[in-house]
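Below are the chains, spelled out letter by letter.
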Amino acid sequence: MDKITLSKTPYLNGKEMGKYFLKHKTKFPIILNKFQREHGKESLKLLAKFFPEATEEIKGITDTTKQDYEVFGSWLMCMGCCLIIRENHNVEVRGCTAFSFVHNNKIYYGRDNDLPPYLKKVSKSIYSNSENKNKFILNTSSFVNGEEGVNEFGLVAAMTFVIPKKGEVKPGFNSLFLVRYILENCKTVKEGIKALQKLPIASSCNILLADRKKEMVVVECNPNKINIRKPDKNQNGEKFVVTVNHFTSENMQKYDRSRQNVYSSKARYETAYTALKKQDYKDAINYAKDILSGKHGFMCQYKNIKFETIWSSIFDISDKKIYLAEGNPENTKFIEDKRLN
């Protein structure tokens, strides 16, 4: 994953990203049908209303790369929502597992980010250090928006994709922009929840939130309703939450088209849930590594399909430490990322 630092104004940060794309001769697989074009256009207007800094960053990119702002921005607004992301084609293909847990009065977060393997070479870890905004790390297979991150206040935000039902997708923020907005503008889980209650949500998704106060929730989001799923507890009363690619709460099932089987999402959920329900380990970081690498059951062991874990991350939220495995954690070491220190 390329490590990128953005420390200027939103527009100038966009220009820096634009230069990066020009240097790498990046080609953007922008293919939008009529619905996607209209959805993206209306969603971009809402992004400008609620998160103008993001639209300024997009303008910086398009001014530098000579892309059409409306088309390019519409494409970004369809990600994690209603975009087709097959290689050379451009239905959404995402299958991730994220969890947070408390152990010995400290809080941790872990994630496997599962995608088609061609996205490995374009994935980035962005350190944002802009004036008058929260500093944060954003891990992303895209740019501007992202799948997960943690900010200087110890707030973690992470998304998992849920297949929406036909006709329920509405103009608004996709899951990846929800993550970016929360990291940049919120300090606690409570503030993150308020943001999700305020922002227009485009499609079904899960947003995991965890903070240094040892608060954690999974917010199950849909344009028509959001549900706050509170953590479970293990035998010692320590909290944990798990999210994959379906809604877990019964009252959200009617908004979920996945049948709980997106890239073995049911199996991945049960693996993480069962492992975190136990209390038979001493080292939380190593335990998280073992869960993510499949030592407690199916997690990242995809076989004979063009789909894999392209990065894995662990955040020690209490002690402000970030660990990243740039590949499948079965055979990739976790390296500490100290940029946010």
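Coordinates for the structure precede this section.
The structure presented is a predicted model; accordingly, all values stated were derived computationally and were not measured.

Caption draft 1: Focus on the overall build of the chain. Along the backbone of the chain there are 8 helices and 15 strands. For 341 residues, the compact-globule estimate of 2.2 N^0.38 gives 20 Å, and the chain sits close to it at 18 Å. The principal-axis extents of the C-alpha atoms in the chain amount to approximately 55 × 40 × 40 Å. With 341 residues in all, the chain has 58% of them scored as buried. Carbon and sulfur atoms make up 48% of the accessible area of the chain, which totals about 14400 Å². Across the chain, the mean location of the 56 positive side-chain charges is 2 Å away from that of the 39 negative side-chain charges.

Caption draft 2: The side chain of Ser141, seen in detail. Note on placement: Ser141 falls in the loop between strand S5 (136-140) and strand S6 (148-151). Residue Ser141 is classed as buried on the basis of its relative accessible area, which comes to 9%. In this structure the side chain of Ser141 is engaged in a polar contact, spanning 2.6 Å, whose partner is the side chain of Glu147.

Caption draft 3: Local environment of empty space enclosed by the protein. Its boundaries defined by the atoms lining it, the largest cavity holds a volume of some 40 Å³. For the largest cavity, the full set of lining residues is Leu6, Glu57, Ile126, Ser128, Phe136, Leu138, Val144 and Arg180. Secondary-structure elements contributing two or more residues to the lining of the largest cavity are strand S4 (124-128) and S5. Across the lining of the largest cavity, the residue classes break down as 5 nonpolar, 1 polar and 2 charged.

Caption draft 4: Main features of the sheet that holds strand S14 (residues 321-325). Spatial strand order, S11-S12-S2-S3-S13-S14-S15: 7 strands in an open sheet with antiparallel pairing. Every interior strand has two partners, whereas the edge strands, strand S11 (232-233) and strand S15 (335-337), have only one. Bridge count for strand S3 (residues 106-115) against strand S13 (residues 308-316) is 8 bridges, and the pairing is antiparallel. Among the inter-strand pairings, Gly110 is bridged to a residue of S13, identified as Ile314.

Caption draft 5: Quick look at the pairing of S3. With respect to burial, S3 is a largely interior element, 9 of its 10 residues being buried. Relative to S3, strand S2 (residues 97-103) is paired through 7 bridges, and the arrangement is antiparallel. Looking at S3, one finds that Ser100 is bridged to Tyr109. Count of turn residues in the S2/S3 antiparallel hairpin: 2 residues, of which Asn104 carries a positive phi of about 50 degrees.

Caption draft 6: Broad picture of the packing of aromatic side chains. Scanning the entire structure with this criterion turns up 21 aromatic pairs. Considering the side-chain rings of Phe51 and Tyr181, the 5.2 Å spacing of their centres and the 85 degrees angle between planes classify their relative orientation as edge-to-face. Judged by its relative accessible area of 8%, Tyr181 is buried. One aromatic cluster is present, built from ring pairs that chain together Tyr20, Phe21, Phe28, Phe72, Trp75 and Phe143. The cationic tip of Lys59 hangs over the ring face of Tyr69; the distance from NZ or CZ to the ring centre is 5.5 Å.

Caption draft 7: Broad picture of helix H2 (residues 34-50). Over its 17 residues, H2 extends 25 Å from the first C-alpha to the last, a length consistent with the 24 Å expected when each residue adds 1.5 Å. Of all the positions in H2, only Gln36, His39, Gly40, Ser43, Leu44 and Leu47 are classed as buried. An end-on view of H2 places all buried positions within 140 degrees of arc, on one side of the element. Opposite the packed face of H2, turned more than 90 degrees from it, sit the exposed residues Lys34 and Lys49. Buried residues along H2 sit in contact with helix H3 (52-65), helix H4 (69-78) and helix H5 (175-185). Looking at where H2 begins, the residue whose side-chain oxygen comes 3.2 Å from the main-chain nitrogen of Phe35 is Asn33.

Caption draft 8: Fine view of the packing of H2 against H3. Contact pair H2 / H3: the axes reach a minimum separation of 5 Å and the direction vectors enclose 120 degrees. Judged by the inter-axis angle, H2 sits oblique to H3. For the pair formed by H2 and H3, the contact residues are Leu44, Leu47, Ala48, Lys49 and Phe50 on the first element and Pro52, Ala54, Thr55 and Ile58 on the second. In terms of residue class, the contact of H2 with H3 is built from 7 nonpolar, 1 polar and 1 charged.

Caption draft 9: Summary view of the nonpolar core. Within the largest apolar cluster, 54 residues are counted, with the highest numbers of intra-cluster contacts made by Phe143, Ile207 and Leu209. Residue contributions to this core peak at 7 residues, all from H5. In contact with Leu209, other than residues within four places in its own chain, are Val156, Ala157, Ile182, Val189, Gly192, Ile193, Leu196, Glu215, Met216, Val217 and Val219. Judged by nonpolar contacts, the second largest core, of 22 residues, contains Phe240, Met299, Tyr323 and Phe334.

Caption draft 10: Representation of the sheet that holds strand S1 (residues 2-6) in the model. If you trace the 8 strands from one edge of the open sheet to the other, you get S1-S4-S5-S6-S7-S8-S9-S10, paired in mixed fashion. For this open sheet the edge positions go to S1 and strand S10 (225-229), each flanked by a neighbour on one side alone. Strand after strand, the sheet turns through a mean of 15 degrees between neighbouring axes, direction not considered. Of the pairings in the sheet, the one linking S1 to S4 comprises 5 bridges and is parallel in character. In the strand pairing of S4, Lys3 is matched with Ser125.

Reading the values: rules and limits
- Residues numbered from 1 in each chain as written.
- Predicted model: local features only at pLDDT ≥ 70, side-chain atom pairs only at ≥ 80, totals over all residues.
- Heavy atoms only, no water.
- Helix = DSSP H or I, 4+ residues; strand = E, 2+ residues; numbered from the N terminus.
- Rg over C-alpha atoms; globule rule 2.2 N^0.38 Å.
- Buried < 20%, exposed > 50% of the residue type's maximum accessible area, 1.4 Å probe, protein only.
- Areas by Shrake-Rupley, 256 points an atom, 1.4 Å probe, with all protein chains shown as cover.
- Lys, Arg positive; Asp, Glu negative; His and termini not counted.
- Charge placed at Lys NZ, Arg CZ, Asp CG, Glu CD.
- Polar contact = N/O pair within 3.5 Å; in protein donor to acceptor, adjacent residues only side chain to side chain.
- 1 Å grid on protein atoms, 1.4 Å probe; cavity = no way out; pocket = protein on both sides within 12 Å on 5 of 7 lines; lining within 4 Å.
- Points joined across faces, edges and corners; volume = space filled by probe spheres on them.
- Nonpolar A, V, L, I, M, F, W, Y, C, P; charged D, E, K, R; others polar.
- Pairing = 2+ DSSP bridges.
- Phe/Tyr/Trp six-rings, centres within 6.5 Å; stacked < 30°, edge-to-face > 60°.
- Lys NZ or Arg CZ within 6 Å of the ring centre and 35° of its normal.
- Expected span 1.5 Å × (residues − 1).
- Arc of directions from axis to C-beta.
- Contact = heavy atoms within 4.5 Å.
- Axes fitted to C-alpha atoms, helices over the stretch in contact; angles between N-to-C directions.
- Parallel < 35°, antiparallel > 145°, perpendicular 65-115°, else oblique.
- Core = buried A, V, L, I, M, F, W, Y, C linked by side-chain atoms within 4.5 Å.

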